[in-house]
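Residue-level structure breakdown
Listed below, chain by chain, are the residues.
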Amino acid sequence: MVHKTFLLLGKKASRKFIDKLRIFVKAGSGGLGLSKYGGVGGRGGHVFAVGSTDASLKKIKNENSDQRFVAGNGGNSSARSLQGSPGKDVFIECPIGISVKTDSQAVLGEIMKENDKVLLAKGGRGGDPSNSFIGLKGDSHNVSLDLKLIADIGLVGFPNAGKSTLLKSLSRSSPKIASYPFTTIEPRVGILEYDDHRQITMADLPGLIEGAHMNVGMGHKFLKHIERTKLLLLIVDVMGFRLNPKSPLRSSFENVLLLNKELELYKEELIDKPSVLVINKVDLPSAQLHVDALMNKLQQMEDELKSIAEEFRPKKLLQFDDVITVSAKNSLNTEHLKAKLRELLDLHSDLDGQDSNQKQLSLLKNSLTEHVGLGAV
Ligand SMILES: Nc1nc2c(ncn2[C@@H]2O[C@H](COP(=O)(O)OP(=O)(O)OP(=O)(O)O)[C@@H](O)[C@H]2O)c(=O)[nH]1
Ligand SMILES: [Mg+2]
């Protein structure tokens, strides 16, 4: 235990993941005009955020110790050059997935792909007849760069459920895996590659625990990264989960409900996302008994909910598109899961244009009710 704490602290100090950064931006002032000849001053330089796949908030922070970004002033108009030259613009390279907010929480814009641009501070207008030839000041204010990962699939599960092991098995990513909770302390995106070169991205997130929506454990700092995923992959350890020897054992069924509840309490819309339930570690002895018990409970959800304690009961239930058993460690049934994930992402993107009734119908037609017990593994 001591060893683990040490590890976590050591890791934190050496490479802390940053997903929010507040910076000061100042645009340039407009140059002076020349009233005698009607000359116009150059506009002040603007400050932009621009999307780059090489950028990170940590890099921005490390390379700009004072976190101030100041654009150039516009040139004055002169008899030789009546039109003053524009001030130099500043471009801040930002990671994809940034949304830019002012201190009053107004959203200035979002960066969703490479080269997307958001104007952070507008340069002042050059001196001209409208301002008595005196250039105007540029904008200056603080803005926050708030990173939310963009991935097709988000892995959601309690610590130790096997999220990182699953990502490793499905992709070429090599996340850290260990038998203690909170091994993953920063989000990371892995790529699932298919034979026809199709790529699907999957975000591995730190484990959720009860109260995550209130910032317990790693809390909602990481829940926000699920918001932009198209599909949620909930993963549970078939044997259930116990945070520490003093905590109660939560069965895999309770895990499913608690994860559902944490998502709902954080943001209700998350429950409407397409989702898949993965029951992991079916290689363990007596796993089949537990799988059967869980499947039974899921199939009789209405009755189960009536008898379960209030603390486990979500208001709205996730509608799983599929329930799949795997052993992430032994790569058992993981190829089937990989194919299914692609199929579901495609199905849902086709359905996006339809209204919710049509969507429900089409999903029903695609009937994903096959019972995938160990027999199918
Ligand atoms: N028997 C068995 N063990 C597994 C399986 N998948 C993962 N494990 C083990 O479970 C432990 C936790 O695995 P991780 O992949 O680190 O779990 P995680 O969900 O990423 O955990 P956090 O990052 O702490 O949230 C490790 O000891 C894994 O080797 C599995 O399919 N079968
Ligand atoms: Mg992990």
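For the structure given in this document, a descriptive report is provided here. Just so it is clear, the model here is predicted, and its values are computed rather than measured.

The rules behind the values
- Residues numbered from 1 in each chain as written.
- Chains lettered and ligands numbered in written order.
- Predicted model: local features only at pLDDT ≥ 70, side-chain atom pairs only at ≥ 80, totals over all residues.
- Heavy atoms only, no water.
- Core = buried A, V, L, I, M, F, W, Y, C linked by side-chain atoms within 4.5 Å.
- Buried < 20%, exposed > 50% of the residue type's maximum accessible area, 1.4 Å probe, protein only.
- Helix = DSSP H or I, 4+ residues; strand = E, 2+ residues; numbered from the N terminus.
- Contact = heavy atoms within 4.5 Å.
- Phe/Tyr/Trp six-rings, centres within 6.5 Å; stacked < 30°, edge-to-face > 60°.
- Lys NZ or Arg CZ within 6 Å of the ring centre and 35° of its normal.

**Comments concerning the nonpolar core**
- In this structure, Val156, Ile226, Leu234, Leu263, Ile279 and Leu298 are the most contacted members of the largest nonpolar core, which totals 34 residues.
- Every element with two or more residues in this core is listed here: β12 (231-237), α5 (252-266), β13 (275-280), α6 (287-299) and α7 (301-307).
- It is α5 that contributes the most residues to this core, seven residues altogether.
- With residues up to four places along the chain from it excluded, the contact list for Ile226 reads Val156, Leu205, Leu232, Leu263, Leu270 and Lys273.

**Some details on the packing of aromatic side chains**
- Applying the stated criterion across every chain, the model contains two aromatic pairs.
- Plain terms: the ring middles of Phe48 and Phe91 are 5.3 Å apart, the flat faces sit at 10 degrees to each other, and that makes the pair stacked. With Phe48 in strand β2 (residues 47-51) and Phe91 in strand β4 (residues 90-94), the pair connects residues that are 43 residues apart, well separated along the chain.
- Taking 5.2 Å as the distance between ring centres and 45 degrees as the angle between the ring planes, the aromatic pair formed by Phe158 and Phe241 counts as tilted. Of this pair, Phe158 sits in the loop between β9 (153-157) and α3 (163-170) while Phe241 sits in the loop between β12 and α5, placing them 83 residues apart in sequence.
- A cation over a ring is seen here: Lys117 above Phe48, with NZ or CZ 5.2 Å from the ring centre.

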